[in-house]
Amino acid sequence: MSSSVLSQPGQTTAPAVFRSAFPILETVLAGGKPLIYLDNAATSQKPDSVIAALVDYYTHSNSNIHRGAHQLAARATDAYEGARKTVAAFIGCADPALINFTSGTTQGINLVASGLAKSWLQPGDEVLISAMEHHANIVPWQMACQASGAVLRVAPLTGQGELDLEAFRKLLTPRTKVVAMVWISNALGSINPVERIVQEAQAVGAQVLIDAAQAIVHETIDVETLGADYLVFSGHKVYGPTGIGILYGRRERMEVLPPYQGGGEMIREVRFEGSTYNQLPYKFEAGTPNIAGGIGLGAALNFVTAQDREALARHEQALLERTLTGLDQVEGLTLYGPRQGRSSLVSFTVEGVHAFDIGVLLDQQGIAVRTGHHCCQPLMRQYGIEGTCRASFLPYNTFAEVDQFLHALNRALAVLRA
Amino acid sequence: MKEASGDIALREAEIIEEFSIFEDPMDRYAYLIDVGKKLPELPLALQRDEYLVPGCQSKVWLIGRRKEDRVWFQADSNTAITRGIIALLLRVLSGQPAAAIQRAKLGFLDAIELRSHLSSQRANGLASMILRIKGIAGLDGLETASSDAALPDSSVEPANQSPKQAS
Ligand SMILES: Cc1ncc(COP(=O)(O)O)c(C=O)c1O
């Protein structure tokens with residue numbers, strides 16, 4: 001199937017070569033339909049090199065890291081710490097000690113929120129988030145507020161589904177001690193002006209956490225230019241394995257943030273009377289980590305670095321444009337998020353039709369999309385809907401897949417409206 | 001097995017036959033949705049949270065009422081495909097002896113390839129619905145459902161439900 005899909009007119013070879021690195025995209029589903037994977041915002045597929053890195057680790061290097069005196073332990077430690085350096089370079093961080101491995105975005109946010117609840121937030125302080133946050137960037141802050149007596153504030157969106165910057169500025173006051181904001185919304189595709197947000201929030205004395213779960217695969221990130229106090233993402237959304245993620249934090253913040261979990265690795269000295277903690281980044285890495293996952297993430301980022309990222313980004317935007325043009329023709333369709341300047345996903349509802357039904361009928365035609373609230377229940381509530389249907393693209397998707405998606409959507413709607 | 005649930009088996013066989021003419025899964029779903037459209041709507045007053053079946057991605061309200069040893073059901077959903085599934089389940093099970101409902105294997109769901117085509121999350125929703133139906137059938141002298149107003153006459157004879165909406 002791939003050769004016919006890939007020989008679409010107007011498509012450069014770069015995305016075709018890129019696509020060929022992902023074996024799962026050759027899947028043929030029950031009923032003989034080729035898989036069309038448009039659920040990339042939930043998780044990306046994995047290229048050969050990442051799969052090979054995992055197999056290679058377990059085949060040749062598996063060992064517990066840091067403490068072993070033997071050769072395998074040294075090999076595993078080098079690979080894991082090498083991955084940390086790869087991550088640091090990938091996001092423009094000069095000091096790998098500021099790169100903490102976590103299990104994912106969710107754990108990164110919980111780590112920071114629980115630490116700030118103990119060490120930074122005081123009763124009456126305010127934590128400012130936006131109305132488009134993922135539950136992972138809402139609930140940990142609610143818990144931090146509950147523990148510290150701080151108050152959660154929510155910056156509203158404009159009618160276009162973008163952050164209302166004016167309202168955001170009004171909510172920024174000297175009481176604002178934390179701003180936690182998503183870079184790219186997984187439910188809307190809206191892209192937030194994070195550099196500006198960071199500057200303005202820090203100007204009132206707030207610490208800023210950026211949720212880069214979606215941005216990591218679409219944007220080029222330089223944490224030093226961005227200047228955020230913390231930035232978090234998940235490996236699985238950037239072609240890496242599940243169960244591994246990154247928390248970057250500025251040194252002056254990470255030095256004083258209390259540890260999240262206690263255990264092995266994170267200590268300097270343990271006495272029954274009390275313990276002292278290890279240096280960064282180990283202070284936040286209690287227990288045997290996800291060694292294979294870290295190595296797999298390193299392989300994923302090396303894979304991305306080796307690509308012509310600009311060409312892939314152009315292809316992704318072209319896929320999005322073609323999809324938007326197709327959706328414009330669908331009667332009764334509401335698109336959420338801005339029409340211009342959005343990330344490569346579409347989130348929509350169709351009048352009189354439940355998103356769940358669309359999802360099932362697309363699935364029957366081999367097309368994987370996501371339906372539901374996308375872990376953004378408060379946002380859905382504001383729109384007065386239960387959920388949307390979301391198709392999200394990565395550069396391995398093709399124009400032919402977009403056309404098949406649009407065709408399948410129209411067919412599903414014809415059935416549902418019959 | 002068969003002797004005890006003869007009526008259920010008969011109704012299942014009818015459904016399997018009806019669905020057997022479709023080769024394209026999209027046609028099968030179109031028919032299922034059509035079946036769902038004929039399911040009488042649950043009055044708004046009965047679309048209460050206490051009747052919601054947990055574990056479904058779409059909203060499913062399910063109410064049962066027992067008369068002597070038989071149980072009648074009334075149900076609805078906010079999605080078209082789930083309405084179709086509900087209509088089939090009710091057609092097979094509503095008005096049957098409680099013991100037969102509890103024993104029913106509902107093989108027709110596999111035969112018409114409904115279960116296998118639903119994602120596991122959705123299959124769980126279907127499983128929750130069946131669990132609730134069997135749970136209601138297992139209650140003694142139950143009034144889960146409540147008041148006498150709960151069941152309009154049309155649901156008493158599920159096989160002959162009159163279409164609410166023309167299809
Ligand atoms: C914007 C955003 N934040 C946070 C998360 C949570 O990521 P994870 O489940 O990998 O921890 C996601 C993933 O869906 C996301 O899209």
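Residues numbered from 1 in each chain as written. Chains lettered and ligands numbered in written order. Predicted model: local features only at pLDDT ≥ 70, side-chain atom pairs only at ≥ 80, totals over all residues. Heavy atoms only, no water.

So, on to the packing of aromatic side chains. Residue and element names in this part refer to chain A. Applying the stated rule across the entire model yields 15 aromatic pairs over all chains. Here the aromatic rings of Tyr-57 and Tyr-58 are separated by 5.0 Å at their centres, their planes lie at 65 degrees, and the arrangement is edge-to-face. Under the relative-accessibility criterion, Tyr-58 is labelled exposed at 54%. The structure contains a cluster of three or more aromatic residues connected by ring pairs, namely Phe-18, Phe-22, Tyr-239, Phe-303 and Tyr-396. (Phe/Tyr/Trp six-rings, centres within 6.5 Å; stacked < 30°, edge-to-face > 60°. Buried < 20%, exposed > 50% of the residue type's maximum accessible area, 1.4 Å probe, protein only.)

The next point concerns the domain arrangement of chain A. All names here are of chain A. When the domains of chain A are assigned, the result is domain 1 (3-34 + 308-417) and domain 2 (51-305). If you average the C-alpha positions of domain 1 and of domain 2, the two centres end up 29 Å apart. Counting from both sides, the interface comprises 30 residues of domain 1 and, opposite them, 28 residues of domain 2. Between domain 1 and domain 2, roughly 2,200 Å² of surface is buried when both sides are summed, and carbon and sulfur atoms account for 60% of that area. Taken together, the connections running from domain 1 to domain 2 amount to zero salt bridges. (Domains from an automatic or database assignment. Contact = heavy atoms within 4.5 Å. Buried area = accessible area lost by both parts, 1.4 Å probe. Salt bridge = Lys/Arg side-chain N within 4 Å of Asp/Glu carboxyl O.)

This next bit is on the side chain of Glu-133 of chain A. Residue and element names in this part refer to chain A. Its location among the elements puts Glu-133 in the loop between strand E3 (126-130) and helix H6 (139-148). Within the local environment of Glu-133, its side chain forms a polar contact with the side chain of Ser-130, the two groups lying 2.5 Å apart. A polar contact of 3.1 Å, which involves the side chain of Glu-133, links it to the backbone nitrogen of Val-182. In this structure, Glu-133 is in contact with Ile-138, Ala-180, Met-181, Val-182, Cys-375 and Cys-376, ignoring residues within four places of it in sequence. (Helix = DSSP H or I, 4+ residues; strand = E, 2+ residues; numbered from the N terminus. Polar contact = N/O pair within 3.5 Å; in protein donor to acceptor, adjacent residues only side chain to side chain.)

Another point: the side chain of Ser-44 of chain A. Residues and elements named next belong to chain A. Relative to the assigned elements, Ser-44 resides in the loop between strand E1 (36-37) and helix H3 (48-61). On the basis of relative accessible area, Ser-44 is assigned to the buried category, the value being 1%. A polar atom in the side chain of Ser-44 sits 2.7 Å from the backbone oxygen of His-236. If we skip the residues at most four places from it in the chain, Ser-44 touches His-236, Lys-237, Val-238, Tyr-239, Gly-240, Leu-394 and Tyr-396.

All names here are of chain A. Across the sheet, seven strands lie side by side as E2-E8-E7-E6-E5-E3-E4; this open sheet has mixed pairing. Of all the strands in the sheet, just strand E2 (99-102) and strand E4 (151-155) have a single pairing partner and so form its edges. Taking the axes of each pair of neighbouring strands and ignoring which way they run, one obtains an average angle of 20 degrees across the sheet. The sheet contact formed by strand E7 (residues 230-234) and strand E8 (residues 245-249) spans five bridges and is antiparallel. Following the sheet pairing, Ser-234 is matched in E8 by Gly-245. Packed on one face of the sheet, helix H5 (residues 105-119) meets E2, strand E5 (176-182), strand E6 (207-211), E7 and E8 and runs near 150 degrees to E7. (Pairing = 2+ DSSP bridges. Axes fitted to C-alpha atoms, helices over the stretch in contact; angles between N-to-C directions.)

Residue and element names in this part refer to chain A. In the vicinity of the ligand, the contacting residues are Thr-105, Thr-106, His-134, Ala-136, Val-182, Asn-186, Asp-211, Ala-213, Gln-214, Ser-234, His-236 and Lys-237. A distance of 2.8 Å separates an oxygen atom of the ligand from a polar side-chain atom of Gln-214. Between the ligand and the protein, one listed contact pairs an oxygen atom with a side-chain N or O atom of His-236 at 2.8 Å. The residue inventory of the shell around the ligand, partitioned by class, reads three nonpolar, seven polar and two charged. (Near = heavy atom within 4 Å. Nonpolar A, V, L, I, M, F, W, Y, C, P; charged D, E, K, R; others polar.)

Further remarks concern the nonpolar core. Counting residues in each nonpolar core, the largest one holds 102 residues, and the members touching the most others are Trp-141 and Tyr-239 of chain A. Per element, the largest residue contribution to this core is nine residues, and it comes from helix H12 (residues 291-305) of chain A. If you count residues domain by domain, this core takes at least three from each of domain 1 (3-34 + 308-417) and domain 2 (51-305) of chain A. Leu-362 and Leu-416 of chain A together with Leu-109 and Ile-136 of chain B belong to the second largest nonpolar core, which has 73 residues in total. (Core = buried A, V, L, I, M, F, W, Y, C linked by side-chain atoms within 4.5 Å.)

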